[in-house]
Every structure is written in structure tokens, then in C-alpha cells.
Amino acid sequence: MLLDVVTITEKDYTPCSKANSSKDSVKHMLQSFKYLFSCNLVLSRSLSGYVSRMRYLMRLKEDDEACREALKSGKVLLYHKLSPLLRKTSSGYKLASLKTSDLEQILEKVGKDKHIVNESFLLGCTDKDEPQFSLDVGDLDRSALEQECRGMFVDLRKAFFMIPGPESPLAAKGQALLRWHQTNCFCSATGQPTVRNQSGSFRVCHSSGITYYPKMAPVVIVLVSDGSRCLLARQAMFPPGMYSALSGFCDMGESVEEALHREVAEEVGLEVENLQYSGSQHWPFPQSSFMLACHATVNPDKTQVNIDKAELEDARWFTYEEITEALQNLPRDPRREPPVFWVPPSYAIANQLLQEWANHQQLSRKLHGLK
Ligand SMILES: NC(=O)C1=CN([C@@H]2O[C@H](COP(=O)(O)OP(=O)(O)OC[C@H]3O[C@@H](n4cnc5c(N)ncnc54)[C@H](OP(=O)(O)O)[C@@H]3O)[C@@H](O)[C@H]2O)C=CC1
Ligand SMILES: [Mg+2]
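Conventions used here
- Residues numbered from 1 in each chain as written.
- Chains lettered and ligands numbered in written order.
- Predicted model: local features only at pLDDT ≥ 70, side-chain atom pairs only at ≥ 80, totals over all residues.
- Heavy atoms only, no water.
- Donors = N, O, S within 2.8 Å, 3.2 Å for Na, K, Ca; no water.
- Helix = DSSP H or I, 4+ residues; strand = E, 2+ residues; numbered from the N terminus.
- Buried < 20%, exposed > 50% of the residue type's maximum accessible area, 1.4 Å probe, protein only.
- Patch = residues over 30% accessible without salt bridge, like charges linked within 9 Å, V, L, I, M, F, W, Y side chains within 5 Å.
- Areas by Shrake-Rupley, 256 points an atom, 1.4 Å probe, with all protein chains shown as cover.
- Salt bridge = Lys/Arg side-chain N within 4 Å of Asp/Glu carboxyl O.
- Phe/Tyr/Trp six-rings, centres within 6.5 Å; stacked < 30°, edge-to-face > 60°.

Per an unreviewed UniProt entry, the protein carries the name NAD(+) diphosphatase and comes from Cyprinus carpio carpio.

Take a look at the structure:
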């Protein structure tokens, strides 16, 4: 089924959609399909299997005893001071996912009480219906653990370059949940300790009765196009040569559209139109952000950028050729000298926006008989 859908082309869609769809919306539909698949929303999976898995996870979040039971037969992703444990395989590195019983033995070998596994937080469920958890063992000896686990703890940013793409969201989620619990141990109203439920889906202050749920900060990210070029910017803190789409935190009370118009106006002094939603992503750096990604256009006669130097070091328009070259030229190896101009890697939603923009440009060039 996956192959059937992915090989549908714009041409295939055009006859049945002529009556009510423009070519742009057909392209957008195709992009949305590709995005669904890249997100691993596995449509071929039977609905009942997916629904029962979600219902099972829901029960684990609500029922502490059921969650404790699930942990016994589950898998745990181990972190050390928020760095995930990776294991070498024949083809590279993978996130290490330890059986709870194996982890208990490892903990005993390094002289720790095996019951600290109960401090794990529920992350989800594998395709084989195994519940998955995350646990930070940052107060234990790192090298002793690495030896016992036959792996190594790697900073998450570096780990993203090493692990297979589909594992990145899970590694990020594990870290985000751990960080949230580590930084929300006290009630902001009473200063009293908060207590987690077994799954870690919330913390409660028994003194004030306030329940705290894990939080993400909504961020808009937008790739602005003038029809033939796209606008990228860099902050002084970015690695040398890296440019990305414009982004910014939503203010309290703002809609995505308002945040997006405001951020572009603030950062580069332009007014955008034709907003088109592309997708979303949880982003763990530096704290949990919820990235909402869109495309937008500006009038090709009004492309003069006026940079807010407090926020951005540079912002400029890039051609289709520059973008396609940068997309093929990702610095996979952080030890190598980066190219003069490069863009965020494939695990970042900025990369998805650029891929979509390049595909769109390629199609419209074909339609206009250009190379
Ligand atoms: N996944 C992806 O493809 C990409 C992800 N991003 C992420 O998007 C996020 C936002 O982008 P950025 O352009 O820096 O944002 P902004 O343009 O809003 O600029 C950051 C400003 O927001 C302040 N700030 C920090 N945290 C928050 C918050 N939770 N709510 C409101 N304001 C805040 C900062 O203050 P101060 O620093 O002074 O404390 C700083 O002044 C970053 O976390 C970045 O990593 C960005 C581009 C690509
Ligand atoms: Mg910004």
C-alpha cells in the first residue's frame, strides 16, 4: 500500500481533481501524503490494531498498577544526564532499548538498587506492542554503565546524526519527558514537592491540588518564498555557515497565523501572504518546543529585507540551485569542515520545508519548460 500511494504523481491526480482543485493544491496534497509517510503514520496498519494500542497506552497513563506491570515486560531507553544510550550495530548506531529485567541486573552489577527502574516514564509502545519507557541514571557512574550496557551515552544533538532517522522523535521524546520531570519537582504556587503518577503523564501538588502536565512551547517556522527564491536566516549562535527558515515563539493568546506574520515582520521587515501549513514537530532544543511549519509568499516586488540585528546575524534570498545543492550537501560528520552554506539536517522540520519548496520549484520549472 505504501508503494502504491507514494508512486501517485501530480499527473495521476489532475484528471479527477480538475473540477475543484488548482495544481497548487494537488501538489500540496501530494506533499501532505509524503509527509504522512515520513512521519511513520502507518496507514497500512489495521485500524483496530492502532486503536487498541492507543487505548492500552491510555489505560497505562491512568492506572498506576497497570503501568507498573507493563514496565516489568517493557523496554527502557536509558539516559545519562539527558544523553541517550546508543549501541553500535553492523550498519552504524541505534538507540539502545533494554529489557527491564536486563536493566535490573545491570543496576545491581553497578551497585545500585534495581528498584530505581520504577522511576522510568512511559513513552509509548513499539510496533510489537512492547511498552517503552525512559530513565535517567545521571547519578550513576557513566563509564561503568557504558561497559555493562555495551554502549555509550551521546549528547542528543550528536546522537541525531548517528541514529536512524525514524528513531530521532523517540530519542527526543524520552529526553523531553525526563527534562520536564527534573525541572518540575516543586509546585509554583506553594513551593511544595510535586508527585508524579506512575506513567509520568502528570505531576500533582497535594498541598494546592494543582496538576501539572508536561509542556511544550509553540513555535512557528516559516519558509518565505518570492516565487523563485526562498528566504533563510542565521542567528549568531548557529554553527558557521548554517542558515534556516525564520522561526519564533508564539506569544500568549496568538494564533499560528498571527505569530507567523509578526515574526517575519519583526525579524526581516516583510509582510507575508498565502500561508500554507506543512507539518509539525516536537523539538527538544533547548527546551521542548512544538514547531508548526508553514510556507508563505511575499510580493516579488517587495523583497527588500530589513534585518533585526538583535535577533539575526544575516538573512538573504537563496536560489533554487543553491538550495538543491545545500540539500545534497548535509554535513553528516560533525568532525568535518562544514560547507560555506548549509541547511538544517533531515531530522529538522526546516529541512522538510526546504525539500517541499525545492520539489515545488522543480515541478513548476518543468511546467514552464525550464531545466
Ligand atoms: N526544528 C527546526 O527545524 C528548527 C527549530 N528551531 C527552534 O525554534 C525555536 C525558536 O526559534 P527562535 O528563532 O530562536 O525564536 P525567537 O525568534 O522567538 O527568538 C528567541 C527569543 O525568544 C526568547 N525565548 C526563549 N524561549 C522562549 C519561550 N519559551 N517563549 C517565548 N520566548 C522565548 C529568547 O530569549 P533569550 O534567549 O534572551 O532568553 C529570545 O529572545 C528554537 O528553540 C530553535 O531551536 C529553529 C529553527 C529550525
Ligand atoms: Mg527567530
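(A) Inspection of the coordination of the magnesium ion (ligand 2) at higher detail. The magnesium ion (ligand 2) binds to the protein through Ser 247 (O) and Glu 267 (OE), with metal-donor distances spanning 2.1 to 2.2 Å. Pair noted here: Ser 247 is in strand β13 (residues 246-249) and Glu 267 is in helix α10 (residues 256-268), with a separation of 20 residues, a long-range link. The class for Ser 247 is partly exposed, based on a relative accessible area of 23%.

(B) Structural detail: a nonpolar patch on the surface. A cluster of nonpolar side chains, Tyr 50, Val 51 and Met 54, forms an exposed patch at the surface whose accessible area comes to about 230 Å². Among the secondary structure elements, Val 51 is positioned in helix α4 (residues 47-62). Take Val 51: its relative accessible area is 31%, and that puts it in the partly exposed class.

(C) Structural context of the packing of aromatic side chains. Counted under the stated rule, the structure contains 9 aromatic pairs. Taking the centre distance of 5.8 Å and the plane angle of 85 degrees together, the rings of Phe 161 and Tyr 347 count as edge-to-face. Taken together, the residues Phe 161 in helix α8 (residues 156-162) and Tyr 347 in the loop between α11 (320-328) and α12 (349-367) connect sequence positions 186 residues apart. Between Trp 283 and Tyr 347, the aromatic rings sit 6.0 Å apart at their centres with planes inclined by 20 degrees, giving stacked as the arrangement. Of this pair, Trp 283 sits in strand β14 (residues 273-283) while Tyr 347 sits in the loop between α11 and α12, and the two are 64 residues apart along the sequence. One aromatic cluster is present, formed by Phe 160, Phe 161, Trp 283, Phe 285 and Tyr 347 through successive ring pairs.

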